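# Topology and contacts: notes
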Amino acid sequence: RDLEKLQGKTIRIDQASAADAFTQILSRHGGKPQRGADPITLLKATKNHAEIVGSRSAHRRDGAAVARFLAWLDKEGPGGKLTEIDVVAALESFRRDTGALKDISFPTIAGAGPNGAIVHYRVTKASNRRIGRNQLLLVDSGAQYEDGTTDITRTVIVGEPSDEMRDRFTRVLKGHIAIATAVFPENTSGAQLDPLARTALWQAGLDFDHGTGHGVGSYLSVHEGPARISKLGHVALRRGMILSNEPGYYKTAAYGIRIENLVLVIAAPEPVGAEKPLNAFETLTLAPIDRRLVEPGMLTTKERCWLDSYHERVHEIISPLVDPPARKWLEQATQPLGPVPRKQKRRRSAANGRSTCRPATR
């Protein structure tokens, strides 16, 4: 009835999502539908100062909950009694303990072994799998807090990983770091950055069949347009946008790997002589990446530096927010990778050079 009263008015119809019925009703009653982009979408995607401050706060809170969960999982997992449903329930419980959880961002994905290779897996009573020894567990989850929305994926090993698991995990990690450390001119699109996340996998004849990243709302939709990092991500990335950084690898009927952090587009320092403004990413998510799955000799010096520095930052921010048992676990989980074994050193290119980052020691 309200649409019928808009005779003679020009009304913008979102060409990406609005039902055709709106156009038909407006046209029948003398309205002038105009199809085009929703002007609100870009305003939502580009976060203001309050939303950015809120997101950082939400990620600190959520990081503490995830750290407590990972510590619990590391203790209980090797016993062989945990199931995927147990994992889903426990993670939500740790988030509810914050006293600030409004809801989870989406149904938690907890895929053990072959279930982890199903990208959008959702556990049911029928599919519920026990987490076996020497299996990978992929957990993709998020939370809605009034000050921000989170989305994080961690892949962990319960037991000992195979050489293949370490190789694939490290290739995914290299792609993740490539996005996290990217510096790019203004008006760069997500499609232009997407190959950075895939190069290490491509070199081994591997890939993943989903986008590298999606936009994330501010106490809104965890999948928010219009920006994304993917082959189809043709919208320019603007300062203030929050996106996911989540390359992966999936071996059918065997295991899945994904490493996901949320990142914020920020201004990058401009070198002398720069002719265009530069942007970079600030990583918002704060939770350990399973070092047991990393093959240090496959990482360049800069990549090792990024991982050690990230873990040092996680420890410094999250450690005061968790209970003593989780704090003890976190201390170990965020240790530097340590020296590369001599054989691996000889295989690495001399172009890697010497580390330029400060030692990530505590």
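Given the structure is predicted, the values throughout are model-derived calculations rather than measurements. (Residues numbered from 1 in each chain as written. Predicted model: local features only at pLDDT ≥ 70, side-chain atom pairs only at ≥ 80, totals over all residues. Heavy atoms only, no water.)

Our next topic: the overall build of the chain. Looking only at helices and strands, one finds 10 helices and 16 strands in the chain. Principal-axis analysis of the C-alpha atoms gives the chain an extent of 75 × 60 × 40 Å. Look at the contacts in the chain between residues 6 or more apart in sequence, and 67% of them connect residues 24 or more apart. Of the roughly 17500 Å² that the chain leaves accessible, carbon and sulfur atoms contribute 52%. One finds the centroid of the 52 positive side-chain charges in the chain at a distance of 3 Å from the centroid of its 40 negative side-chain charges. (Helix = DSSP H or I, 4+ residues; strand = E, 2+ residues; numbered from the N terminus. Contact = heavy atoms within 4.5 Å. Areas by Shrake-Rupley, 256 points an atom, 1.4 Å probe, with all protein chains shown as cover. Lys, Arg positive; Asp, Glu negative; His and termini not counted. Charge placed at Lys NZ, Arg CZ, Asp CG, Glu CD.)

Tracing the backbone shows Glu246 in the loop between strand S12 (242-245) and strand S13 (248-251). Exposure remark for Glu246: the relative accessible area of 8% places this residue in the buried category. Here Glu246 is in contact with His210, Gly211, Thr212, Gly213, His214, Arg258, Ile259 and Glu260, once residues within four sequence places are set aside. (Buried < 20%, exposed > 50% of the residue type's maximum accessible area, 1.4 Å probe, protein only.)

Moving on, we get to the environment of Thr23. Tracing the chain through its elements places Thr23 in helix H1 (residues 20-28). For the pair Thr23 and Val172, spaced 149 residues apart in the sequence, the C-alpha separation amounts to 45 Å. Ignoring any residue separated from it by four or fewer positions in sequence, one finds Thr23 in contact with Ile13, Pro33 and Arg35.

Sheet strands pair via backbone hydrogen bonds, and the direction of the pair is either parallel or antiparallel. Taken in spatial order, the three strands line up as S4-S5-S8 in an open sheet, and their pairing is antiparallel. Because the sheet does not close on itself, it has two edges, and the strands there are strand S4 (109-112) and strand S8 (152-158). For this sheet, the mean inter-axis angle between neighbouring strands, taken without regard to orientation, is 10°. In terms of strand pairing, S4 meets strand S5 (residues 135-141) through four bridges, oriented antiparallel. Directly across from Ile109, in S5, lies its bridge partner Asp140. (Pairing = 2+ DSSP bridges. Axes fitted to C-alpha atoms, helices over the stretch in contact; angles between N-to-C directions.)

This paragraph deals with the pairing of strand S2 (residues 32-36). Two elements, strand S1 (residues 10-14) and S2, share five bridges in a ladder whose sense is parallel. Across the sheet, Ile11 pairs through a bridge with Pro33, a residue of S2. Handedness of the crossover is the feature at issue here: the chain leaves S1, passes through H1, returns alongside S2, and the resulting connection is right-handed. (Right-handed = clockwise from strand over helix to strand, strands pointing away.)

Across the junction of Gly225 and Pro226, the peptide omega takes the value 0°, indicating a cis bond. Following the sequence through the fold, Pro226 ends up in strand S11 (residues 224-229). Within the chain, Ala253 stands out as a residue other than glycine whose phi angle is a positive 65°. The topology assignment puts Ala253 in the loop between S13 and strand S14 (255-258). Accessibility expressed as a relative area gives 64% for Ala253, which makes it exposed.

These figures capture arrangement, not role.
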